[in-house]
Amino acid sequence: RGAAKVTVTDPFEGPDLLSRIVRLYGAAIVRAPTLWGIAYRVTDNQRWVTAIARALEGGVARLLGQQRPDLVISVHPLCHGAAIRALKRLGLDIPVAVMVTDLLDIHASWQDCGAALYLAPTAEAGREMVAAGCPGEAVYSLGLPVADDFRMGDGSGEDMARLRAELGLDSKRPVVLVSGGGEGSGPLEPAARIIVRTLPHSQVVVACGRNERLRRSLSTKGLPVRVLGFVNNMARWMHASDVVVAKAGALTVAEAVAARRPLLVMSALPGQEKGNLRFVLESGIGAYAPPGPALVRALRLLEEQDFRPALWLENMSRVDRPGAQEEIADLLLATAETATNRPSRVPAMASQGGGQGGFGAFGDVSR
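Reading guide: rules and limits
Residues numbered from 1 in each chain as written. Predicted model: local features only at pLDDT ≥ 70, side-chain atom pairs only at ≥ 80, totals over all residues. Heavy atoms only, no water. Helix = DSSP H or I, 4+ residues; strand = E, 2+ residues; numbered from the N terminus. Buried < 20%, exposed > 50% of the residue type's maximum accessible area, 1.4 Å probe, protein only. Contact = heavy atoms within 4.5 Å. Phe/Tyr/Trp six-rings, centres within 6.5 Å; stacked < 30°, edge-to-face > 60°. Salt bridge = Lys/Arg side-chain N within 4 Å of Asp/Glu carboxyl O.

Some words on unusual backbone geometry
Move 1: Backbone geometry places Arg68, a non-glycine residue, at a positive phi of 45 degrees.
Move 2: Position of Arg68 among the secondary structure elements: in the loop between helix 4 (46-67) and strand 2 (69-74).
Move 3: Residue class for Arg68 comes out partly exposed when judged on its relative accessible area of 44%.
Move 4: Despite not being glycine, Asp105 has its phi angle at roughly 55 degrees, a positive value.
Move 5: Here Asp105 lies in the loop between strand 3 (96-99) and strand 4 (117-120).

Side note on helix 12 (residues 274-283)
Move 1: For helix 12, the complete set of buried residues consists of Gly275, Asn276, Leu277, Phe279, Val280 and Ser283.
Move 2: Residues of helix 12 that are buried make contact with helix 11 (250-259), strand 10 (263-267), strand 11 (286-288) and helix 14 (310-319).
Move 3: Of the residues one or two after helix 12, Gly284 is the one with positive phi, at around 70 degrees.

Points about the packing of aromatic side chains
Move 1: Tallied over the entire structure, the rule returns 2 aromatic pairs.
Move 2: Note on Tyr25 and Trp36: the rings are 5.1 Å apart at their centroids and 80 degrees apart in plane angle, and the pair reads as edge-to-face. With a gap of 11 residues between them, Tyr25 in helix 2 (residues 25-31) and Trp36 in helix 3 (residues 33-42) connect regions that are remote in the sequence.
Move 3: Among the residues examined, Tyr25 registers a relative accessible area of 18% and is labelled buried.
Move 4: Ring centres of Trp36 and Tyr40 lie 6.3 Å apart, and the angle between their planes is 55 degrees; on these two criteria the pair is classed as tilted. Remark: Tyr40 and Trp36 occur in helix 3; sequence separation between them is 4 residues, near one turn of the helix.
Move 5: Among the aromatic residues, those joined into a cluster by ring pairs are Tyr25, Trp36 and Tyr40.

A few points about the pattern of salt bridges
Move 1: Under the counting rule described, the total for this entry stands at 14 salt bridges.
Move 2: In this structure, the salt-bridge partner of Arg193 is Glu189, at a minimum N-O distance of 3.1 Å. In this pair, Arg193 and Glu189 both sit in helix 8 (residues 188-198), 4 residues apart, roughly one turn of the helix.
Move 3: Judged by its relative accessible area of 31%, Arg193 is partly exposed.
Move 4: We note a salt bridge from Lys247 to Glu273, for which the minimum N-O separation is 2.4 Å. Pair noted here: Lys247 is in strand 9 (residues 243-247) and Glu273 is in the loop between strand 10 and helix 12, with a separation of 26 residues, a long-range link. Here Lys247 matches Glu273 in class, with each residue buried.
Move 5: If you follow the salt bridges from partner to partner, you end up with Asp105, Arg278 and Glu282 in one network.

Spelled out as structure tokens, the structure:
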């Protein structure tokens, strides 16, 4: 529809206590997921959400005062409340859009109802936002935006052989991809060991993300697995695989759906990802298979079906939203153009978000 100048910043880069706590997210979900779950539940109310937004408000006000954007886009649950309050403090009439990334069971931090747009990943999430008080006309259930690379083909025949050769894999042996998301959390090593024992003829690829400790440990234990760190070509690895074993991260679920790869959920973060797991099970697009007998059974059942379970793949086609990124981009650009009321002007998007996410804005900023 148009063009946008984009700036990415992160309100959690500072030395303040709240930013330091937020930056512990990666370590917390890797080393203390139960503790993280407790914190998630304790903060699932508007009193805590308001307190956090007030703590962030000053820093966000400085950022927005400098950028003067046309549209703020929040992709982190702690940011849009602070942005709404900061804009009021500055006296700026700038709309805020919120990209919700929980598939079900929406945390209170997403439900600050002063934004102009709420972009929900599922119809169920959209209904929950409306039930929490967000105006129905501002809630759009458009799906999660997934890179086009995840839809590059069906991964069969010559294309699969070529892709596996480029990645150093044997084209004739099945490939199981084990992923712990960007932070490398979840029981990756136990899952890898069970897969090696259950499918000894397979090739096991373990994507450890930013978890360097796990990557180094797996690399020195003599397991017959391919160990990866953080990669920028996950779509290629997913398309080279026959099955994905992963934690219940919303984006991982959406990517597996887009790539039409059987999904076995090995774990779900307490609180945060339980709704994502429920979405997988209720939609019939995968199975819950924690390391142990459940994972063994699931792998053997998939092997019997040549890793192409017809019902799962049919259900993936049903829940997939291949046009989500275009629809979302069109809506955001239209909102920015309406806010500026100057159609000839090219909106500029300043998107804030570091390792944990952040918030973004269309505004007068350079790329």
